Amino acid sequence: MRVTRRVVSLLALAAVFVASVVAVPVAPASAATPFAGIVPHRALYKVSLARSASSSEIIDVRGRMGFEWRDDCDGWAIEQRYLMSFSRASGDGYEITSRYTTWESKTGDVYRYIVERQRGGGAERVQGRAVMPLPLGSGNGKAVFSDPRREEILLDADTLLPTEHTLRLLEQAKLGKRFFRAKVFDGSEVEPGSLVSAVIGAPKSDKPPLDLPVLSGEYWPIRLAFFKPGQTESRPDFEMSLDLLANGIARRMLLDYGDIRVALTLERLETLDVKAC
């Protein structure tokens with residue numbers, strides 16, 4: 001399920017965007033601005049089926065998604081694990097497990113990634129390193145994959161790495177901007193960056209999913225559409241909506257695969273101490 005793979009990375013986009021995602025200047029913001037107020041955290045989300053079209057073979061989805069976003073001095077370290085069980089109308093089903101581990105420099109120019117997925121008896125591993133020249137936007141970068149095969153891919157100059165993307169998304173939301181389009185490379189597939197189009201809603205404030213101070217205050221309802229590299233049709237590969245706080249924490253997420261929608265509901269949240277550097 002290609003979309004499920006996207007979810008893994010997006011939450012690396014999600015933490016930092018989800019925590020991380022924007023369009024404005026391609027030059028990095030000042031050191032104090034993009035990181036201010038971001039809260040390193042560990043979260044657990046319940047996965048459940050929100051809607052299934054009558055034409056879909058999937059009748060139920062259940063699972064858990066664990067997410068950790070840490071401040072690693074000169075970079076952001078993200079780890080995401082999830083287990084999703086899919087039930088079919090025919091009576092059978094399957095499970096997908098995944099672990100996604102990344103590190104991205106705070107300057108947005110270096111990115112390391114490892115993605116491990118299992119479905120049934122099959123396993124898949126994607127690993128590599130991406131580099132973009134500084135200042136961002138000044139030239140093409142590259143991604144070098146070591147797994148599942150040795151391959152080097154060109155990254156266009158306007159490509160953003162996941163955390164940089166999220167931080168820019170948050171900055172755009174704070175500025176009151178409603179739309180943001182950017183090309184993002186996440187390393188979940190052996191392919192160049194994909195277009196991500198965001199619609200940012202007006203800030204809202206209501207009862208948080210958990211009684212924690214870090215979840216209170218205004219959040220932005222954001223809808224993201226993901227397009228395959230080189231895609232010409234207007235229909236996105238998949239869509240995702242989330243309620244994103246200014247501190248980088250996602251209160252709620254909804255993954256839209258077209259024929260099914262999967263909800264991620266926050267069950268537990270723990271803030272993490274900042275590493276002594």
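Computed from a predicted structure; not experimentally measured. (Residues numbered from 1 in each chain as written. Predicted model: local features only at pLDDT ≥ 70, side-chain atom pairs only at ≥ 80, totals over all residues. Heavy atoms only, no water.)

Engineer: Explain the packing of aromatic side chains to me, using residue names and the numbers behind them.
Structural biologist: Counted under the stated rule, the structure contains nine aromatic pairs. Note on tryptophan 69 and tryptophan 76: the rings are 5.0 Å apart at their centroids and 40° apart in plane angle, and the pair reads as tilted. Each member of the pair, tryptophan 69 as well as tryptophan 76, is classed as buried. Ring geometry for phenylalanine 145 against phenylalanine 185: centres 6.2 Å apart, planes inclined by 75°, an arrangement best described as edge-to-face. With a gap of 40 residues between them, phenylalanine 145 in strand β7 (residues 141-147) and phenylalanine 185 in the loop between β10 (179-184) and β11 (194-200) connect regions that are remote in the sequence. Phenylalanine 185 carries the same exposure label as phenylalanine 145, and that label is buried. Every member of this aromatic cluster is reached through a ring pair, and the members are Tyr111, Tyr113, Phe145 and Phe185. (Phe/Tyr/Trp six-rings, centres within 6.5 Å; stacked < 30°, edge-to-face > 60°. Buried < 20%, exposed > 50% of the residue type's maximum accessible area, 1.4 Å probe, protein only. Helix = DSSP H or I, 4+ residues; strand = E, 2+ residues; numbered from the N terminus.)

Engineer: So, the pattern of salt bridges: which residues are in play, and what are the values?
Structural biologist: Where charged atoms from two side chains of opposite charge approach closely, those side chains can pair. Enumeration over the complete set of coordinates arrives at 22 salt bridges. The residue glutamate 239 makes a salt bridge to arginine 223 at a minimum N-O spacing of 3.2 Å. With glutamate 239 in strand β13 (residues 238-245) and arginine 223 in strand β12 (residues 219-226), this residue pair connects regions lying 16 residues apart in the sequence. Since its relative accessible area comes to 23%, glutamate 239 is described here as partly exposed. For arginine 223, a relative accessible area of 31% translates into the label partly exposed. One salt-bridge network, held together by shared partners, links Arg42, Glu68, Arg70 and Glu270. (Salt bridge = Lys/Arg side-chain N within 4 Å of Asp/Glu carboxyl O.)

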